[in-house]
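Structure assessment
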Amino acid sequence: AGKNNEFEGIIAHLRSSTGENPAFNGTIKITSPTKTHPEYPLTNLVEYKELLDKCYWNFGCYNPKEEENWLLFDFKENHKIFLTAYTIRSGGSSHPKGWLIEGSNDQNSWTKIDEVHNCFLLNSPRATHTFKIEKLNLEPEIKSGFRYIRFTQLENMSPKIERKYRINLKAIEFFGNYFTIRE
């Protein structure tokens, strides 16, 4: 993904095939453990183009606790994605510094797809970077794809301890293969 197509991946494809934000019409479901502020809903995470800079916050109502630092993308029954890269666009503060991307098909057992620590690439408002999955050749289960993708933010740039688990993002996009499983 080059600079011009950082947001032209799987979610953009689902949007063009359904005609709207795929989180509105149930093509994907995004959940988080925190109460969502009406101005900063989870659906903003997959708004690109002219709505790219609408935010998602997990701290609209209170500062999140340690176990409230994740986002879950459900590609729904009979669908999986094989993730090869992903783009993150930071929000206005509490920029992501470390995170974990995992995949699952049952939400019980999780496979680590990518883990990032001490990343300074997103340390400014609206900083955008596409991260390639490095260990694709080593992990056959990653290639078979996952229904669920979980983003867990391990650390952000805020020096304030009460802000440690804040997630403030403009957008996330996934790259790879999206496929339907025929029973």
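Residues numbered from 1 in each chain as written. Predicted model: local features only at pLDDT ≥ 70, side-chain atom pairs only at ≥ 80, totals over all residues. Heavy atoms only, no water.

**Topic: the overall build of the chain**
Each helix and strand counted, the chain has two helices and nine strands in total. Secondary structure elements of the chain, listed N to C terminal, follow the sequence α-β-β-β-β-β-β-β-α-β-β. A compact globule built from 183 residues would reach a C-alpha radius of gyration of about 16 Å, and the chain, at 15 Å, matches this within 12%. Each principal axis of the C-alpha distribution contributes one length, and for the chain these read about 50 × 35 × 35 Å. Contacts in the chain between residues far apart in sequence, at least 24 positions, make up 76% of those at least 6 positions apart. Surface exposure of the chain reaches about 9000 Å², of which carbon and sulfur atoms provide 48%. Treating the 24 positive side-chain charges of the chain as one cloud and the 23 negative ones as another, the clouds have centres 4 Å apart. (Helix = DSSP H or I, 4+ residues; strand = E, 2+ residues; numbered from the N terminus. Rg over C-alpha atoms; globule rule 2.2 N^0.38 Å. Contact = heavy atoms within 4.5 Å. Areas by Shrake-Rupley, 256 points an atom, 1.4 Å probe, with all protein chains shown as cover. Lys, Arg positive; Asp, Glu negative; His and termini not counted. Charge placed at Lys NZ, Arg CZ, Asp CG, Glu CD.)

**Observations concerning the sheet that holds strand 7 (residues 128-132)**
A sheet is described by the order of its strands in space; here four strands give the open sequence 2-9-4-7, paired in antiparallel fashion. Looking at the sheet topology across the chains shown, the edges are occupied by strand 2 (56-57) and strand 7. Sheet topology note: the strand 2/strand 9 (residues 168-180) ladder contains two bridges and is antiparallel. Note that in strand 9 the partner of Tyr56 across the bridge is Leu169. In the packing of helix 1 (residues 10-18) onto the sheet, contacts are made with strand 4 (79-90) and strand 9, and the angle to strand 9 comes to roughly 75°. (Pairing = 2+ DSSP bridges. Axes fitted to C-alpha atoms, helices over the stretch in contact; angles between N-to-C directions.)

**A look at unusual backbone geometry**
Even without a glycine there, the phi angle at Lys76 is positive, about 80°. Within the secondary structure, Lys76 is located in the loop between strand 3 (70-74) and strand 4.

**Describing the nonpolar core**
Here is a general trend for soluble globular proteins: nonpolar side chains tend to be buried in one another's company. Formed by 40 residues in total, the largest nonpolar core has its most connected members in Leu71, Phe75, Trp99, Ile149 and Phe174. Taken together, the elements giving at least two residues each to this core come down to helix 1, strand 3, strand 4, strand 5 (96-104), strand 6 (111-116), strand 8 (148-156) and strand 9. The residues contacting Leu71, other than those within four sequence positions of it, are Thr31, Ser32, Leu42, Leu45, Tyr56, Ile149, Arg150, Phe151, Ile167, Leu169 and Ile172. (Core = buried A, V, L, I, M, F, W, Y, C linked by side-chain atoms within 4.5 Å. Buried < 20%, exposed > 50% of the residue type's maximum accessible area, 1.4 Å probe, protein only.)

**Here's the deal with the pairing of strand 8**
Both strand 3 and strand 8 contribute to a ladder of five bridges, which runs antiparallel. Bridge pairing in strand 8 places Phe73 opposite Ile149.

**Examining the pattern of salt bridges**
As a working rule, side chains carrying opposite charge can pair if their charged atoms are close by. Enumeration according to the criterion identifies seven salt bridges in this entry. In this structure, Glu155 engages Lys97 in a salt bridge whose closest nitrogen and oxygen atoms are separated by 3.6 Å. Of the two residues, Glu155 is situated in strand 8 and Lys97 in strand 5; the sequence distance between them amounts to 58 residues. Residue Lys97 is classed as buried on the basis of its relative accessible area, which comes to 16%. (Salt bridge = Lys/Arg side-chain N within 4 Å of Asp/Glu carboxyl O.)

**Some words on the sheet that holds strand 1 (residues 29-31)**
In a beta sheet, neighbouring strands pair by backbone hydrogen bonds and run either parallel or antiparallel. Strands sit in the order 1-3-8-5-6 across an open sheet of five strands; the sheet is antiparallel. Of all strands in the sheet, those with a lone pairing partner are strand 1 and strand 6, marking the two edges. Here the average twist between neighbouring strands, direction ignored, is 15°.

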